[in-house]
Amino acid sequence: MTTAHEPAAPRTRLRRFLSEAWRVGLGLVLGFVFFSFVYESYSPDSEADMDAVGLLVGLDMLCGLAALLLYPFRHRFPVPIAAALVLLSIPSSIGAGFTMLGVVSLATRRRPWEIAGISALFLAAVPLGDYLVGAELVTEDDTTTWWQVGIVALVMVGLMVLLGMYIGGRRQLAVSLRRQLHSAEREREAQLHAAKADERTRIAREMHDVLAHRLSLVALHSGALEFRSDLTPEQTRQTAGVIRENSHLALGELREVLGMLRDPNTLFDGELARPQPNLGQLQEILDASRAVGTAVQLVMEPQARDRLDALSEATGRHLYRIVQEALTNARRHAPGQDVRLEIGGHAEERLSLRASNRLAEVPPPAPGAGALPGSGLGLTGLAERVRLAGGELQIDPGSKGEFVLKVWLPWGQ
C-alpha cells in the first residue's frame, strides 16, 4: 500500500547522492591541480630518476585512490577518517584535495580537541611530505625552506578550520531554527486543539442549559396529557400549546447553536456574538416552572434590587442560566417540591444566589415510567460556568433533607 511519505525517500536519497557527488568531484579537481603543480616543472636527468619518479607517481595515485574511497565515510568515523586522509596526503598530492575537504568537514563539528589534534597532525604532515617528495623532485632553483612550508601549512589549516566552523555554525543555526519552527507549530496546534476543546465545552454547556429546561417542560406537560384523564378541553389545549411553544423555542435555539458549529468563521466567537437571555427574561422561566406545578418563590434583597442596573450583561446572563439549571434540576429530581430563590449582595461585594428545595418524599420514578432522563452533566456544566464567570459555587446535596445551591458572582467583568 502506497503512503504519502514514500515519494520523499527517493528524493532524499537523490539529494544525498548529489551532495556527495559534487564534493568528490571537487576533491578530484583539487587533487589534480596539486598533482600538476608538484610535477609540472620536473624534468628527469636520467633513466634512474625517471623510474624513481614513476614509482612516486604510482604511490601518489594509489594513495589518492585510497583517499577517494575513505572520504565518503567521514561522517560515520570523523576523526579516524580525517587522520587517515592527512597521513595519505604525505606521499600523495592527489589525495591532498580530499584531505582539505576532510579537515573542513571535521571542523564543522566545532569540537576543539578534535580540531586541535587534526590540525597538529596536518602541520606535521605537510613539511614531512614536502621533504620526502622534494628529495626526488627538488631542483637547483628551488629555494623553499622548511619554515616557509610550515607557514603555508599554518595558513591553510587556519583557513580550513575557519571555513569548517563557519559552515558548522550555519548548520547549527539552521537546525535550531527548524526546531524552533517545529516547536512553534506544535505549540500552535496545541493551542488550537485547546481552543477547540474549550469551544466545544462552551457549546455543550449552552446546549444543555437551553435544551434541558425546554425539554423538561415538554416532558412534564406530555406526561400530564398521557396520564391525566380529568383535564378539561381548555386545559388540554393550554398544555398542548405549552408543548408546542417550548418545542419551537428549543428547536430555534438548537438551530442557532448548530449554526455556530457549521460556520467556521463563528467557531471562536464569544457568547455575545448571538442573542442571549438576561435577567429581563427571568420572570418567563419562573412562570413556566409554576405552570407545571413547581412553586417558585423569589426573594430579592432591596440592596440587590436597587443595584441590578449596575450588573454587567455577562453576569446577568450567567445568573439567568444558573436559575434555569436550578429549576430544571428541581423538576427532575424533586418533582412537586417548592423552590426558593434568594438573590442578594451589595455592589461593593459579590452578587449571591441561594436556591433551595426540599428533597422528594418518594424516589423519582424509574426511567421509562414517566421520569425525566438526566444527562448527568448539569451540575458539572454549572460549576464550569461559575468558574469562568470568576465566581464560587457551593452545593449541599441534602444532608438536612434539603438540596441547597449557593453561588457568588462578581457584579461586573
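Preceding block: the structure.
Our subject in this report is the structure included herewith.

Conventions used here
- Residues numbered from 1 in each chain as written.
- Predicted model: local features only at pLDDT ≥ 70, side-chain atom pairs only at ≥ 80, totals over all residues.
- Heavy atoms only, no water.
- Helix = DSSP H or I, 4+ residues; strand = E, 2+ residues; numbered from the N terminus.
- Buried < 20%, exposed > 50% of the residue type's maximum accessible area, 1.4 Å probe, protein only.
- Contact = heavy atoms within 4.5 Å.
- Areas by Shrake-Rupley, 256 points an atom, 1.4 Å probe, with all protein chains shown as cover.
- Pairing = 2+ DSSP bridges.
- Axes fitted to C-alpha atoms, helices over the stretch in contact; angles between N-to-C directions.
- Salt bridge = Lys/Arg side-chain N within 4 Å of Asp/Glu carboxyl O.
- Parallel < 35°, antiparallel > 145°, perpendicular 65-115°, else oblique.
- Nonpolar A, V, L, I, M, F, W, Y, C, P; charged D, E, K, R; others polar.

Things to note about the overall build of the protein
Inference 1: The helix and strand tally for the protein stands at 11 helices and five strands.
Inference 2: For the protein, the proportion of its 413 residues judged to be buried stands at 35%.
Inference 3: The long-range fraction of contacts in the protein, counting pairs at least 24 apart against all pairs at least 6 apart in sequence, stands at 74%.
Inference 4: A total of about 24,700 Å² of accessible surface is found on the protein, and carbon and sulfur atoms cover 61% of it.

Regarding the sheet that holds strand 5 (residues 402–410)
Inference 1: What the five strands build is an open sheet, ordered 1-2-3-5-4; its pairing is mixed. What marks the edges here is a single partner per strand, and that holds for strand 1 (296–300) and strand 4 (392–396). Strand-to-strand twist of the sheet, defined as the mean angle between neighbouring strand axes without regard to direction, takes the value 10°.
Inference 2: Where strand 2 (residues 339–344) lies against strand 3 (residues 350–358), six bridges are found, and the strand directions are antiparallel. If you follow L341 over to strand 3, its bridge partner there is A355.
Inference 3: The strands touched by helix 10 (residues 313–333) are strand 1, strand 2, strand 3 and strand 5; relative to strand 5, the strand with the most contacts, the crossing angle is about 175°.

Points about the pattern of salt bridges
Inference 1: What the rule picks out here adds up to seven salt bridges.
Inference 2: Here R340 ties to E342 by a salt bridge, and the two come within 2.6 Å at their closest N and O atoms.
Inference 3: A relative accessible area of 30% means that R340 is categorised as partly exposed.
Inference 4: A salt bridge links E392 to R350; its shortest N-O distance comes to 3.2 Å. Pair noted here: E392 is in strand 4 and R350 is in strand 3, with a separation of 42 residues, a long-range link.
Inference 5: Exposure remark for R350: the relative accessible area of 34% places this residue in the partly exposed category.
Inference 6: One connected set of salt bridges, linked through shared partners, spans R109, R111 and E114.

Topic: the packing of helix 8 (residues 282–291) against helix 10
In helix packing, the relevant descriptors are the interaxial angle and the interaxial distance, both defined with respect to the helix axes.
Inference 1: Contact geometry for helix 8 and helix 10: axes closest at 10 Å, N-to-C directions at 5°. On the basis of their axis angle, the class for helix 8 and helix 10 is roughly parallel. Contact residues: helix 8 offers L282, I285, L286 and S289, while helix 10 offers Y320, V323, Q324, L327 and R331.
Inference 2: Class assignment for the residues of the contact of helix 8 with helix 10 results in six nonpolar, two polar and one charged.

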